[in-house]
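# Secondary and tertiary structure notes
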Amino acid sequence: MNELTEFEKYVIEQKGTERPFSGEYVNHDAEGLYLCKKCLNPLYKSEFKFNAYCGWPAFDDEIHGAIDRTLDADGQRTEITCHECGGHLGHVFKGEMLTGKNTRHCVNSTSMVFKSKEEIENERSAKAKSMELATFGAGCFWCIEAIFQRLDGVESVISGYSGGGTEDAHYEAVTSGTTGHAEVVQVTYDPNVISYQTLLAVFFAIHDPTTLNRQGNDKGPQYRSVIFTHDAKQVDAATIAISKLIQQGIWPKPIVTEVRMFEAFYQAESFHENYFANNAEQPYCQILIKPKFEQAMKQFEAILKK
């Protein structure tokens, strides 16, 4: 939370109001985002802003889920507050016909900070540069995708194929078991939030690394246990993780997980994306994916996204 001045506390925490035409964003028209001054939750896009000539910044729409509404005690007006921190923003009015959306969020400038389009793009660029990739095969990618998506620090998880050639990188060919491809997930993650070693710990916990070319009822080399490493550090980390598991004797049979240098990744067909989330009621998901997913959510609760 940002530290607030006394006047900002008066407006944001005590539901005060700044004088009309006194706020810095009344006539502001730059491209970007307006954020909650207290918690920096994004509230409004610049394209939602319009001049209502009322003395306060006016918006005819909001970022989905960013704003809460509460009827004032007198029943006359509807207060708007930040969904994340409850900070007072102002009031919302309907029926004035000032824009096509027929809505006016009347917001105190004091309750907001502005982030320009250039600042946002620079932040995105810096964030993208800090991201790293991990590629894992641990059986059917539907289940693995669903689990890795929930980990804090994971930016994206894409199901696909790796280990074979371009010409047969599609589901029908891969399921034949003759292409050299494994079903994998490619994980984009922030190493400042979650380490590669933690990703490896999750990987080994959510599948059986001792069954050769098989996970449960799924049989074939496309379901093999494999780590496609992206650099020497990942090779070392994977090798050390396997050695520790062997020393600990967690598995009664030998670990057969393959460690290979990454060469190429081919994204799977669009119907595989978010498969468990979109098909949770299907028998395969209910019987095979759901129990494994729920167990992982309990086991790794401390590192899940909030």
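The structure presented is a predicted model; accordingly, all values stated were derived computationally and were not measured.

### Regarding the pairing of strand β12 (residues 182–189)
- With eight of eight residues buried, β12 lies mostly within the body of the structure.
- Burial of β12 is two-sided: the residues Ala182, Val184, Gln186 and Thr188 facing one way and the residues Glu183, Val185, Val187 and Tyr189 facing the other way are all buried.
- The pairing of strand β10 (residues 132–138) with β12 spans five bridges and is antiparallel. Its bridge partner being in β12, Phe136 is matched across the sheet by Val185.

### Overview of the packing of aromatic side chains
- For the structure on display, the rule yields 13 aromatic pairs.
- Where Phe141 meets Tyr161, the ring centres are 5.9 Å apart and the plane angle is 45°; that geometry is what we call tilted. Remark: Tyr161 occurs in strand β11 (residues 154–162) and Phe141 occurs in helix α3 (residues 141–149); sequence separation between them is 20 residues.
- Look at Phe141 and you get buried, because its relative accessible area is 1%.
- When the ring of Tyr171 is compared with that of Phe271, the centres are 6.2 Å apart and the planes differ by 90°; the resulting orientation is edge-to-face. On the criterion of sequence distance, the pair formed by Tyr171 in helix α4 (residues 171–174) and Phe271 in the loop between β17 (266–267) and α7 (275–278) is long-range, its members being 100 residues apart.
- According to the relative accessible area criterion, Phe271 is partly exposed, its value standing at 47%.
- Put simply, the rings of Tyr25, Tyr34, Tyr44, Phe59 and Phe114 touch in pairs and so form one group of aromatic residues.

### Looking at the side chain of Lys49
- When you line up the elements, Lys49 lands in strand β3 (residues 49–50).
- The buried charged residue Lys49 lacks any salt bridge, with Asp29 as its nearest oppositely charged partner at 7.8 Å.
- Polar side-chain contacts of Lys49 include one of 3.1 Å to the backbone oxygen of Val26.

### A closer look at helix α5 (residues 196–205)
- When we look at burial in α5, the residues that qualify are Tyr196, Leu199, Leu200, Val202, Phe203 and Phe204.
- Here the buried face of α5 lies against β10, α3, β11, β12, β15 (225–229) and α6 (232–248).

### Section: the sheet that holds strand β2 (residues 42–45)
- Taken in spatial order, the three strands of this open sheet run β2-β1-β9, and their pairing is antiparallel. On the outer flanks of this sheet lie β2 and β9 (112–116), each paired with one strand and no other. Direction aside, the axes of adjacent strands within the sheet are offset by 30° on average.
- By the bridge criterion, three bridges tie strand β1 (residues 32–36) to β2 in an arrangement that is antiparallel. Bridge pairing links Tyr34 to Tyr44 in β2.

### Here we look at the environment of Arg104
- By the secondary structure assignment, Arg104 is in strand β8 (residues 103–107).
- Residue class for Arg104 comes out buried when judged on its relative accessible area of 10%.
- Put simply, Arg104 and Asp60 are 44 residues apart on the chain and 4.9 Å apart in space, counted from C-alpha to C-alpha.
- With near-sequence residues (within four places) excluded, Arg104 lies in contact with Phe50, Ala52, Cys54, Ala58, Phe59, His91, Val92, Phe93, Glu96 and Leu98.
- A distance of 2.7 Å separates a polar atom in the side chain of Arg104 from a polar atom in the side chain of Glu96.

### Re the pattern of salt bridges
- If you walk through the whole model with that rule in mind, you get 14 salt bridges.
- Residue Lys9 is joined to Glu6 by a salt bridge in which the shortest nitrogen-to-oxygen separation is 3.7 Å. Placement of both Lys9 and Glu6 in helix α1 (residues 6–12) is noted, with a separation of three residues, approximately one turn of the helix.
- Given the relative accessible area of 28%, Lys9 is considered partly exposed.
- A salt bridge links Glu79 to Lys15; the nearest nitrogen and oxygen atoms lie 2.8 Å apart.

### Some remarks on the nonpolar core
- Ranked by internal contacts, the top residues of the largest apolar core, which has 45 residues, are Phe136, Phe148, Val187, Tyr196, Leu199 and Leu200.
- Mapped onto this core, the elements with two or more residues apiece are β10, α3, β11, β12, α5, α6, α7 and α8 (283–299).
- Core analysis: the second largest hydrophobic core is formed by 18 residues, Tyr44, Ile63, Ile67 and Met112 among them.

### Side note on the packing of α5 against α6
- Axis separation between α5 and α6 bottoms out at 10 Å; the angle between their running directions is 45°. Taken together, the axis directions place α5 and α6 in an arrangement best described as oblique. Read as a crossing pair, α5 and α6 show a hand that is right-handed. Contacts from Tyr196, Gln197, Leu200 and Phe204 in α5 reach Gln234, Ala237, Ala238, Ala241, Ile242 and Leu245 in α6.
- Among the residues forming the contact of α5 with α6, the class breakdown is eight nonpolar, two polar and no charged.

Procedures and definitions
Residues numbered from 1 in each chain as written. Predicted model: local features only at pLDDT ≥ 70, side-chain atom pairs only at ≥ 80, totals over all residues. Heavy atoms only, no water. Buried < 20%, exposed > 50% of the residue type's maximum accessible area, 1.4 Å probe, protein only. Helix = DSSP H or I, 4+ residues; strand = E, 2+ residues; numbered from the N terminus. Pairing = 2+ DSSP bridges. Phe/Tyr/Trp six-rings, centres within 6.5 Å; stacked < 30°, edge-to-face > 60°. Lys, Arg positive; Asp, Glu negative; His and termini not counted. Salt bridge = Lys/Arg side-chain N within 4 Å of Asp/Glu carboxyl O. Polar contact = N/O pair within 3.5 Å; in protein donor to acceptor, adjacent residues only side chain to side chain. Contact = heavy atoms within 4.5 Å. Axes fitted to C-alpha atoms, helices over the stretch in contact; angles between N-to-C directions. Core = buried A, V, L, I, M, F, W, Y, C linked by side-chain atoms within 4.5 Å. Parallel < 35°, antiparallel > 145°, perpendicular 65-115°, else oblique. Left-handed = near helix turned anticlockwise from the far one by under 90°. Nonpolar A, V, L, I, M, F, W, Y, C, P; charged D, E, K, R; others polar.

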